[in-house]
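Given next are the chains, with one letter for each unit.
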Amino acid sequence: MVVFSMSSLLQCSSKLLFPLRHPHSNSLLPYSTPRPIHPRCQPLRILCAKRTGKQRYPSEKKKLKLRKKEALSSVTNKFEGIWRLSKLAVPVQNDPGKDFLQIHIGLLQEIAKVIKFPVASMLPEEAFSVVRKSFDARKILKEAKFVYTVDMDVSKLLSLEPRTWDFINRLEPKVGLIEHMPSEKFSRDLTSLVHHIKDSNGTLPREQEHGIDSGESHKCSTARKPRIAVVGSGPSGLFASLVLAEFGADVTLIERGQAVEKRGRDIGALVVRRILESESNFCFGEGGAGTWSDGKLVTRIGRNSDCVLTIMNTLVQFGAPKSILVNGKPHLGTDRLIPLLRNFRQHLQSLGVEIKFGTRVDDLLIQNGHVVGVEVSDSTTKLQSDCKKLGFDAVILAVGHSARDIYQMLLSHNVDLVPKDFAVGLRVEHPQELINNIQYSALANEICRGRGKVPVADYKVVRYVNDKDENSPLKSESTSRSCYSFCMCPGGQVVLTSTSPSEICINGMSFSRRASKWANAALVVTVSTKDFDALNFHGPLAGVEFQKEFERRAAMMGGGNFVVPVQTVTDFMENKISVTSMPPSSYRLGVKAASLHELFPSYMTDALRHSLSMFDKELPGFISKEALLHGVETRTSSPIQIPRDSDTYESLSLRGLYPVGEGAGYAGGIVSAAVDGMYTGFSVAKQFNLFQGDIESVLGKAQNAGVEGDDGTSSATSFISEKCLDEMIRSSG
């Protein structure tokens with residue numbers, strides 16, 4: 001993992017296939033009494049990071065002191081269990097490199113220093129295991145280092161090297177550095193976890209009467225499995241389907257796009273022949289938008305949390321390399337995601353899940369305020385004359401943030417949609433060699449296009465702009481904004497994520513080796529309802545209209561035919577355009593020199609320009625004639641949120657509907673979307689009596705990731721106060 005110290009931080013009418021009668025009642029009413037509708041959800045806020053060292057608040061110092069005291073008192077027997085040793089820094093010259101994740105002599109030397117054992121070579125490698133490995137190349141360090149977290153098995157160590165007894169006896173816990181665990185922490189993949197729950201009588205297959213249980217849960221008869229529709233096969237839809245199928249539900253997974261094999265051919269036709277399939281492209285299809293991306297697996301919701309570890313182990317189960325469990329910044333890349341998704345699909349089908357690719361959900365079937373099914377049609381045709389009505393006991397809505405027709409359909413049923421802040425901007429591309437030199441200096445020669453000793457260099461930059469900043473161009477603006485890098489793809493390429501020929505929207509992607517000669521990242525600025533209002537966009541879908549406006553403008557600037565408008569960073573800073581001296585671009589459908597400084601309203605352009613100048617101070621050379629801006633990046637996260645019950649995950653305005661994942665405004669990346677789908681799956685299983693346990697005791701407390709970007713970057717950082725930002729800056733390095 002590369003960590004940087006920065007002075008600024010922070011992105012039809014046909015017959016039903018079967019009657020739509022609720023399965024637990026003799027009437028068509030799914031509930032005996034209507035449930036009260038909860039008040040509207042407010043936009044989520046991001047909590048600022050805690051101060052460190054002398055900057056800590058007294059209350060934080062008190063908590064830290066309490067943690068230290070608890071750590072000391074919790075050690076009952078030093079000679080049993082596991083000692084976790086963290087922040088073990090090994091210089092690059094003493095490390096085999098980024099791809100070596102085992103114990104080696106350089107690491108043993110650092111372990112020996114911590115436990116104060118005199119001869120590192122005498123320590124048995126078998127007694128230690130690497131939990132985490134990251135890369136720290138901050139310029140405040142004298143030299144770049146690999147940073148490890150290692151577990152030390154005391155019993156194994158003593159049996160192999162008894163002379164370590166005295167040194168373990170003198171070992172004392174230090175919060176964040178040396179911690180004792182009575183036993184090794186064991187995490188399971190999702191399939192094993194559900195099997196363990198079922199074997200432990202976590203399910204109660206007792207007979208239930210046909211009736212309503214106070215309107216709070218669904219009681220299913222064992223005579224028939226509950227029928228659940230999952231709409232969307234992105235991470236949230238896949239993991240919700242997996243949970244429910246493992247618990248024995250009758251699951252139908254409905255995906256408007258195609259399976260990854262056919263989807264890959266459709267994307268090839270787009271890139272080579274400019275043929276855009278509106279329902280099978282970079283956004284729609286098996287795996288969701290993240291399939292053709294960088295495949296980042298970083299997250300803000302707790303890398304070591306039970307729920308995230310379960311997701312990571314499940315990905316390994318389906319073919320991801322085990323290194324993602326150890327790497328500080330794990331990523332898969334498109335080439336690894338495709339076979340993984342194929343394995344995932346085959347497992348679901350083996351559990352009896354019916355997967356309907358090329359099937360678009362056109363409407364919800366509702367009776368007495370309760371969803372009782374969906375109306376679908378063939379997405380490969382533009383006609384809806386072949387529509388079918390399918391009955392279900394519940395519908396999990398796991399669509400992505402580009403399913404704009406779904407939002408319109410929900411509004412037609414008066415489903416509550418809340419506008420959400422997000423970010424828009426441009427994607428900047430540099431030669432990867434330039435970024436390597438900026439970040440690593442002499443170490444840049446160790447990269448070897450992803451096959452070297454150190455990881456391909458990346459970056460993460462943020463600038464907070466408000467009217468209190470003397471150098472800010474927004475001194476007359478009342479709105480404070482964050483400008484930041486988003487979805488940075490080292491060794492990647494710029495790709496088209498438009499879902500309509502009249503719009504241009506782009507993103508970045510990388511393969512697993514990140515071997516491309518380009519590096520790209522979105523540079524985005526936060527926008528809110530004030531910005532939507534300024535362009536006369538109002539209502540729940542104002543953010544969607546805001547996105548469309550700039551996607552259409554970019555398409556016109558490019559001249560059509562999916563050509564992307566570009567401008568060098570230096571020209572953007574100087575409000576000019578140089579047609580004859582453009583650097584090459586990784587975008588394969590063609591670029592055209594354009595005045596991107598005229599694309600956005602002036603206050604947004606000024607914010608981006610001001611931030612770029614600040615980024616150049618952190619990364620000297622970032623503003624370069626070789627750096628090329630591409631327009632436009634608008635779909636950093638969902639522009640809306642669908643309010644839901646925090647415990648049951650059910651929509652607050654339509655019973656039987658469970659909105660999940662990124663499209664519903666509750667996630668912002670592969671891992672957070674998968675976690676949200678997993679929790680929803682457990683909740684729905686509990687509602688239908690397939691699971692009787694406590695969800696938190698199994699997965700831990702759910703962490704809200706509704707404002708998380710796919711690289712762990714917030715997409716609503718405008719809620720961070722300037723004071724909180726200062727605290728983050730101090731704590732960053």
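Quick caveat: nothing in here was measured; it's all calculated off a predicted structure. (Residues numbered from 1 in each chain as written. Predicted model: local features only at pLDDT ≥ 70, side-chain atom pairs only at ≥ 80, totals over all residues. Heavy atoms only, no water.)

Enquirer: What am I meant to see in empty space enclosed by the protein here?
Expert: Take a probe with the size of a water molecule and roll it over the atoms, and the empty space left behind shows itself. When its volume is computed, the largest cavity comes out at roughly 730 Å³. Contributing to the lining of the largest cavity are 50 residues, with G288, A289, G290, G400 and E662 lying nearest its centre. For the lining of the largest cavity, the secondary structure elements donating two or more residues are α6 (235-246), β8 (359-367), β15 (481-489), β17 (506-510) and α16 (670-687). Broken down by element, the residue count for the lining of the largest cavity peaks at three residues, all from β8. Among the residues making up the lining of the largest cavity, the classes are represented as 19 nonpolar, 22 polar and nine charged. Put simply, the second largest cavity is a space of about 160 Å³. In terms of lining residues, the second largest cavity is bounded by 18 residues, among which P235, L315, L337, L341 and I670 are the most central. Those elements that provide at least two residues to the lining of the second largest cavity are α6, α8 (306-317), α9 (334-350) and α16. Considering every element that reaches the lining of the second largest cavity, the biggest residue donor is α9, with four residues. The residue makeup of the lining of the second largest cavity, split by class, is 14 nonpolar, four polar and no charged. (1 Å grid on protein atoms, 1.4 Å probe; cavity = no way out; pocket = protein on both sides within 12 Å on 5 of 7 lines; lining within 4 Å. Points joined across faces, edges and corners; volume = space filled by probe spheres on them. Helix = DSSP H or I, 4+ residues; strand = E, 2+ residues; numbered from the N terminus. Nonpolar A, V, L, I, M, F, W, Y, C, P; charged D, E, K, R; others polar.)

Enquirer: How should I be thinking about the nonpolar core in this particular structure?
Expert: A general tendency of soluble globular proteins is for nonpolar side chains to be buried together. Core analysis: the biggest nonpolar cluster contains 157 residues, and F128 and F682 have the highest contact counts within it. Element by element, the count of residues in this core is highest for α16, at nine residues. Excluding residues within four positions of it along the chain, F128 makes contact with I103, L108, I111, L123, V150, D151, M152 and L157. Membership of the second largest hydrophobic core comes to 28 residues, among which are V231, V399, L417 and A664. (Core = buried A, V, L, I, M, F, W, Y, C linked by side-chain atoms within 4.5 Å. Buried < 20%, exposed > 50% of the residue type's maximum accessible area, 1.4 Å probe, protein only. Contact = heavy atoms within 4.5 Å.)

Enquirer: Looking at this model, I keep getting lost on the packing of α8 against α16. Mind explaining?
Expert: Between two packed helices, the angle of one axis relative to the other and the distance separating the axes together describe the packing. Where α8 contacts α16, the two axes come as close as 10 Å, and the packing angle between them is 105°. Classified by the angle their axes make, α8 and α16 are roughly perpendicular. On the side of α8, the interface is formed by C307, V308, T310, I311 and M312, while α16 contributes V671, A674, V675, M678 and Y679. (Axes fitted to C-alpha atoms, helices over the stretch in contact; angles between N-to-C directions. Parallel < 35°, antiparallel > 145°, perpendicular 65-115°, else oblique.)

Enquirer: Is there a simple way to think about the pattern of salt bridges in this case?
Expert: Between side chains of opposite charge, pairing is possible as soon as their charged atoms come close. Scanning the model with the defined rule gives 35 salt bridges in all. For K78, the salt bridge identified is with E172, shortest N-O distance 3.0 Å. Separated by 94 residues along the polypeptide, K78 in the loop between α1 (58-73) and β1 (82-91) and E172 in the loop between α4 (165-169) and β4 (178-181) bring together distant segments of the chain. On the accessibility criterion, K78 (17% relative accessible area) is buried. Classification of E172 by relative accessible area gives partly exposed; the value is 41%. Note that D676 and R644 form a salt bridge whose closest N and O atoms lie 2.6 Å from each other. Of this pair, D676 sits in helix α16 while R644 is found in the loop between β22 (640-641) and β23 (657-659), placing the two residues 32 residues apart along the sequence. Side by side, D676 and R644 carry an identical accessibility label, which is buried. One salt-bridge network, held together by shared partners, links R256, E279, R360, D362 and D405. (Salt bridge = Lys/Arg side-chain N within 4 Å of Asp/Glu carboxyl O.)

Enquirer: I'm lost on the environment of Q547 in this one. Help?
Expert: With respect to the helices and strands, the residue Q547 is situated in helix α13 (residues 542-558). On the basis of relative accessible area, Q547 is assigned to the buried category, the value being 1%. C-alpha separation for the pair Q547 and V424, spaced 123 residues apart in sequence, amounts to 8.0 Å. Setting aside chain neighbours within four positions, we find Q547 in contact with R404, F422, T634, R635, S637 and P639. A polar contact is formed between the side chain of Q547 and the backbone oxygen of T634, at a distance of 3.1 Å. (Polar contact = N/O pair within 3.5 Å; in protein donor to acceptor, adjacent residues only side chain to side chain.)

Enquirer: How do you make sense of the confidence of the model for the protein chain when you look at a structure like this?
Expert: Low-pLDDT portions of the prediction should not be read for the details of their coordinates. On average, residues of the protein chain score 85 in pLDDT, and 80% of them reach the 70 mark or higher. In this model, residues 1-51 is a region of pLDDT below 50 whose contacts with residues beyond four sequence positions or in other chains number 165 contacts. Within the model, pLDDT remains below 50 along residues 710-733, and this stretch shows 100 contacts once partners closer than five positions in the same chain are excluded. (pLDDT = per-residue confidence, 0-100.)

Enquirer: Even after reading the chapter, I still don't get helix α10 (residues 404-412), so can you show me in this structure?
Expert: Since the α-helix turns once every 3.6 residues, residues separated by three or four places project in the same direction. Within the span of α10, buried status applies to R404, I406, Y407, M409 and L410. A positive phi of about 60° marks N414, the residue just after α10.

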